[in-house]
Amino acid sequence: MSDSLLTKVKRSLLIPESESFADGEISILINACKELISSTGVSEATIASSEVALTLVLIYTKTFFGFKSDGSVRELPSSFYTILNQLAISKGG
């Protein structure tokens, strides 16, 4: 895969690659999702190469990007946890 994860996420959020205003926030969300996936026992190699892991990162970042912490709770779609559980079962340690 020639495109970086950040580039793929920016595309999914309809942010041009040339724009860098949100790169910091997006990178934090990407890393948070990767940590969450890793906590289920999925290896770093799988997280880096799996299309399923990419799907999880996209769902996660789309859910939380630009979210203002005003005290309300934003929840991930149930599909995120279904996919995460499937990945953990099939690729977990």
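For the structure itself, look to the data block above.
Predicted model, so just to flag it, every value in this text is computed and none were measured.

Cut-off values and rules
- Residues numbered from 1 in each chain as written.
- Predicted model: local features only at pLDDT ≥ 70, side-chain atom pairs only at ≥ 80, totals over all residues.
- Heavy atoms only, no water.
- Core = buried A, V, L, I, M, F, W, Y, C linked by side-chain atoms within 4.5 Å.
- Buried < 20%, exposed > 50% of the residue type's maximum accessible area, 1.4 Å probe, protein only.
- Helix = DSSP H or I, 4+ residues; strand = E, 2+ residues; numbered from the N terminus.
- Contact = heavy atoms within 4.5 Å.
- Salt bridge = Lys/Arg side-chain N within 4 Å of Asp/Glu carboxyl O.
- Phe/Tyr/Trp six-rings, centres within 6.5 Å; stacked < 30°, edge-to-face > 60°.

K.L.:
Please give an account of the nonpolar core that cites residues and values.
P.N.:
One recurring pattern in soluble globular proteins is that nonpolar side chains are buried together. If you look at the biggest cluster of nonpolar residues, it comprises 22 residues, and the most contacted ones within it are Ile 26, Cys 33, Ile 37, Leu 56 and Phe 80. Within the residue set of this core, elements represented by two or more residues are helix H2 (23-38), helix H4 (51-64) and helix H5 (78-91). Apart from the residues within four sequence positions on either side, Ile 37 is in contact with Val 42, Ile 47, Ala 53, Leu 56, Leu 84 and Leu 87.

K.L.:
Account for unusual backbone geometry, naming residues and giving values.
P.N.:
Among all residues save glycine, negative phi is the norm, and among peptide bonds the norm is trans. Of note, Leu 14 is a non-glycine position whose phi angle comes to about 60°, a positive value. Looking at Leu 14, the relative accessible area reads 76%, which means it is exposed.

K.L.:
Help me get a handle on the pattern of salt bridges, residues and values and all.
P.N.:
With the rule as written, the count across this model stands at two salt bridges. Of the charged contacts, one joins Lys 10 and Asp 23 as a salt bridge, the two residues approaching to 3.0 Å between their closest N and O atoms. Of the two residues, Lys 10 sits in helix H1 (residues 5-12) while Asp 23 sits in helix H2, which places them 13 residues apart along the sequence. With respect to class, Lys 10 is no different from Asp 23; both count as buried.

K.L.:
I'd love a proper account of the packing of aromatic side chains, names of residues and values included.
P.N.:
Taken as a whole and assessed by the stated rule, the structure comprises three aromatic pairs. Between Tyr 60 and Phe 80, the ring centres sit 6.0 Å apart and the planes meet at 45°, which makes this aromatic pair tilted. With Tyr 60 in helix H4 and Phe 80 in helix H5, this pair connects stretches of sequence that are 20 residues apart. For Tyr 60, a relative accessible area of 14% translates into the label buried. Classification of Phe 80 as buried rests on a relative accessible area of 0%. Look at Phe 80 and Tyr 81: their rings are 5.3 Å apart centre to centre, the planes differ by 85°, and that puts the pair in the edge-to-face class.

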